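Listed below are the residues making up each chain.
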Amino acid sequence: MNYTIHEQDGSKVAVLEDRDAVIHDVQTALDLMADIGWNPSGPCHKLLLNQSNMPEAFFDLKSGFAGEILQKYRTYQFKIAIVGDFEAYSSKSLRDFIYECNQGQDVFFMKDGEEALAALHRVP
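Residues numbered from 1 in each chain as written. Predicted model: local features only at pLDDT ≥ 70, side-chain atom pairs only at ≥ 80, totals over all residues. Heavy atoms only, no water.

## Some words on the overall build of the protein chain
If you tally the helices and strands in the protein chain, you get four helices and five strands. Written out in order from the N terminus, the α and β elements of the protein chain read β-β-α-β-α-β-α-β-α. A compact globule built from 124 residues would reach a C-alpha radius of gyration of about 14 Å, and the protein chain, at 13 Å, matches this within 12%. The dimensions of the protein chain, computed from C-alpha atoms along their principal axes, are 40 × 25 × 25 Å. (Helix = DSSP H or I, 4+ residues; strand = E, 2+ residues; numbered from the N terminus. Rg over C-alpha atoms; globule rule 2.2 N^0.38 Å.)

Set out below in structure tokens:
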């Protein structure tokens, strides 16, 4: 998966460039995390990706896929921001989940990339 490193004031964020790349399973998420964490420009533990990079199962909380993926990222102290239009989902539990995530410092669901970058650069 192609990504670039965005740096600001000593903070590094990997930005997944390929909108067609999809994190189909936990192993793909772990491989991406390892690749970013050990990239040639130095350690990076923050990732910005697009809604299209996640399968629809991610946004169906009953599937457990979101919890499984995000728990791995939290375990390895990775911060993640997902950019997209989440208003299209009618699930109250998903909306509540997104709200709660956005109140923390580990996972963000944002409408645009600039907002997501700012959120990731703010957290340690």
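Additional details are given in the paragraphs that follow.
## A word on the environment of glutamate 17
Relative to the helices and strands, glutamate 17 is located in the loop between strand S2 (11-16) and helix H1 (26-37). Relative accessible area serves as the criterion here: at 43%, glutamate 17 is assigned to the partly exposed category. The spacing of glutamate 17 and methionine 1 is 16 residues in sequence and 7.9 Å in space, taken between C-alpha atoms. Contact partners of glutamate 17, with chain neighbours within four places excluded, come to Asn2, Tyr3 and Thr4. Within the structure, glutamate 17 has its side chain in polar contact with the side chain of threonine 4 (distance 2.7 Å). (Buried < 20%, exposed > 50% of the residue type's maximum accessible area, 1.4 Å probe, protein only. Contact = heavy atoms within 4.5 Å. Polar contact = N/O pair within 3.5 Å; in protein donor to acceptor, adjacent residues only side chain to side chain.)

## Looking at the packing of aromatic side chains
One pass over the structure, following the stated rule, counts seven aromatic pairs. With 6.4 Å between their ring centres and 85 degrees between their planes, phenylalanine 58 and phenylalanine 65 make a pair best called edge-to-face. Residue class for phenylalanine 58 comes out buried when judged on its relative accessible area of 1%. What links up through ring pairs into an aromatic cluster is the set Phe58, Phe59, Phe65, Phe86, Tyr89, Phe97 and Phe109. (Phe/Tyr/Trp six-rings, centres within 6.5 Å; stacked < 30°, edge-to-face > 60°.)

## Comments concerning helix H3 (residues 92-103)
Each full turn of the α-helix corresponds to 3.6 residues, which orients residues three or four apart in the same direction. Over its twelve residues, H3 extends 17 Å from the first C-alpha to the last, a length consistent with the 16 Å expected when each residue adds 1.5 Å. Turning to H3, its buried residues number three or more, namely Leu94, Ile98 and Cys101. Each buried residue of H3 sits inside an arc of 65 degrees when the element is viewed along its axis, so together they form one side. Facing away from the buried surface of H3 by more than 90 degrees, the exposed residues are Lys92, Tyr99, Glu100 and Gln103. Against the buried residues of H3 lie helix H2 (65-75) and strand S5 (107-110). (Expected span 1.5 Å × (residues − 1). Arc of directions from axis to C-beta.)

## A word on the pattern of salt bridges
Across all of its chains, the model carries four salt bridges by this definition. Residues joined by salt bridges that share partners form a network here, namely Arg74, Lys79 and Asp106. (Salt bridge = Lys/Arg side-chain N within 4 Å of Asp/Glu carboxyl O.)

## Topic: the side chain of glutamine 51
Its location among the elements puts glutamine 51 in the loop between strand S3 (46-50) and H2. For glutamine 51, the side chain forms a polar contact with the main-chain nitrogen of aspartate 85, separated by 2.8 Å. Among the polar contacts listed, one links the side chain of glutamine 51 to the side chain of tyrosine 89, at a separation of 3.2 Å.

## Re the state of the cysteines
Inspection of every chain in the model, using the stated rule, returns zero disulfides. Of the cysteine sulfurs around cysteine 44, a residue in no disulfide, the closest is that of cysteine 101, at 20 Å. (Disulfide = S-S within 2.5 Å.)

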